Amino acid sequence: MGRILVIEDSQEDAEAIERALTRSHPLLRLDFRDRGEDVVDRLMAVDDAPGIILLDLNMPGMSGHAVLRAIRGQAALNGIRVVVFTTSTAPAEEDACYAAGADSYVYKPLNFDLFRTVLTGAVDYWLRSDGRPSAPGSAPSPNVK
């Protein structure tokens, strides 16, 4: 669980994710991709798959929904937690993600302090759910489902 793959096309959001997680979880290795194409092939080709994928939905090319379906279509990748981290607040979008196999659906707040709190809470939740220790003094986010 020492690695998180972030699939995010917005450079601004990717930088915010990096700032937030390097402060709260300095030992986690963050890998960034700005597109969903070839993600499954790369995941299948590596020995050290990430424990968590943070997935944006609205990306050019292969959408986050398509990436999620492709990941969940590979039994070998079932151990990876997929956390959809998006600006979309549409209930139908959330339902579709859970139906496709998302482990969590988390809204990206616009305020950085809240963004950091929600993101680190989601990461802590999935680190703890895997039986591994999380950052001291942190608690799961109430936004994690």
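Each remark here, short or long, concerns the structure printed above.
Residues numbered from 1 in each chain as written. Predicted model: local features only at pLDDT ≥ 70, side-chain atom pairs only at ≥ 80, totals over all residues. Heavy atoms only, no water.

Where do I start with the overall build of the protein in this structure?
Per the secondary structure count, the protein includes five helices and five strands. A total of 145 residues make up the protein; the buried ones form 46% of that total. Residue pairs at least 24 apart in sequence account for 63% of intrachain contacts in the protein once pairs closer than 6 positions are excluded. Summing over all exposed atoms, the protein offers an accessible surface of approximately 7,200 Å²; the carbon and sulfur share of this is 50%. (Helix = DSSP H or I, 4+ residues; strand = E, 2+ residues; numbered from the N terminus. Buried < 20%, exposed > 50% of the residue type's maximum accessible area, 1.4 Å probe, protein only. Contact = heavy atoms within 4.5 Å. Areas by Shrake-Rupley, 256 points an atom, 1.4 Å probe, with all protein chains shown as cover.)

Could you clarify how one ought to interpret the side chain of Arg-3 in this entry?
If you trace the backbone, Arg-3 turns up in strand β1 (residues 3–7). The class of Arg-3 is buried, set by a relative accessible area of 12%. Among the polar contacts made by the side chain of Arg-3, one reaches the side chain of Asp-31 at a distance of 2.4 Å. Leaving out residues up to four positions away in the same chain, Arg-3 has contacts with Arg-29, Asp-31, Val-46, Asp-48, Ala-49, Pro-50, Gly-51 and Ile-52. (Polar contact = N/O pair within 3.5 Å; in protein donor to acceptor, adjacent residues only side chain to side chain.)

It is not clear to me how the nonpolar core should be interpreted in this structure. Could you clarify?
Across soluble globular proteins, you tend to see nonpolar side chains buried next to one another. With 20 residues, the main nonpolar core has Ile-4, Ile-17, Leu-21, Leu-54, Phe-85, Leu-119 and Val-123 as its most contacted residues. The set of elements that each furnish at least two residues to this core consists of β1, α1 (11–24), β3 (52–55), β4 (81–86) and α5 (112–129). Apart from residues no more than four positions distant in its own chain, Ile-4 is found in contact with Leu-21, Leu-28, Arg-29, Leu-30, Asp-31, Pro-50, Ile-52, Leu-54 and Val-123. If you look at the next biggest cluster of nonpolar residues, it comprises 19 residues, including Ile-7, Leu-43, Leu-68 and Ile-71. (Core = buried A, V, L, I, M, F, W, Y, C linked by side-chain atoms within 4.5 Å.)

When you look at the pattern of salt bridges in this model, what are you seeing that I'm missing?
Pairs can form between side chains of opposite charge whenever their charged atoms are close. The final tally for this structure, using the stated rule, is nine salt bridges. Across the pair Arg-29 and Asp-48 runs a salt bridge whose closest N-O atoms are separated by 3.2 Å. Here Asp-48 lies in the loop between α2 (39–45) and β3 and Arg-29 lies in strand β2 (residues 29–33), a separation of 19 residues in the sequence. Of the charged contacts in the structure, one is a salt bridge between Asp-103 and Arg-72, with a shortest N-O distance of 2.6 Å. Note that Asp-103 is positioned in the loop between α4 (91–100) and β5 (104–107) and Arg-72 in helix α3 (residues 64–72), a separation of 31 residues in sequence. By relative accessible area, which is 18% here, Asp-103 ends up buried. (Salt bridge = Lys/Arg side-chain N within 4 Å of Asp/Glu carboxyl O.)

Help me understand the sheet that holds β3, please; the structure alone is not making it clear to me.
Strand pairing within a sheet occurs via backbone hydrogen bonds; the two strands may be parallel or antiparallel. Overall, parallel pairing links the five strands, which are arranged β2-β1-β3-β4-β5 in an open sheet. Of all strands in the sheet, those bounded by a partner on one side alone are β2 and β5. The average undirected angle you get between the axes of adjacent strands in this sheet is 20°. Taken together, the four bridges between β4 and β5 define a ladder with parallel strand orientation. Within β5, the residue paired with Val-84 across the bridge is Tyr-105. Running over the sheet, α4 touches β4 and β5 and is turned about 150° from β5. (Pairing = 2+ DSSP bridges. Axes fitted to C-alpha atoms, helices over the stretch in contact; angles between N-to-C directions.)

What exactly am I supposed to notice about the pairing of β3 here?
One face of the sheet, then the other: side chains in a regular strand alternate in exactly this way. What you see with β3 is no split at all: Ile-52 and Leu-54 on one side and Ile-53 and Leu-55 on the other are buried throughout. Relative to β3, β1 runs parallel, the two being bridged by four bridges. Its bridge partner lying in β3, Leu-5 is registered against Ile-53. Bridge count between β3 and β4: four bridges; the pairing is parallel. Its bridge partner lying in β4, Leu-55 is registered against Val-84. The β-α-β motif built from β3, the intervening α3 and the parallel element β4 has right-handed crossover chirality. (Right-handed = clockwise from strand over helix to strand, strands pointing away.)

In short, geometric facts, not functional conclusions.
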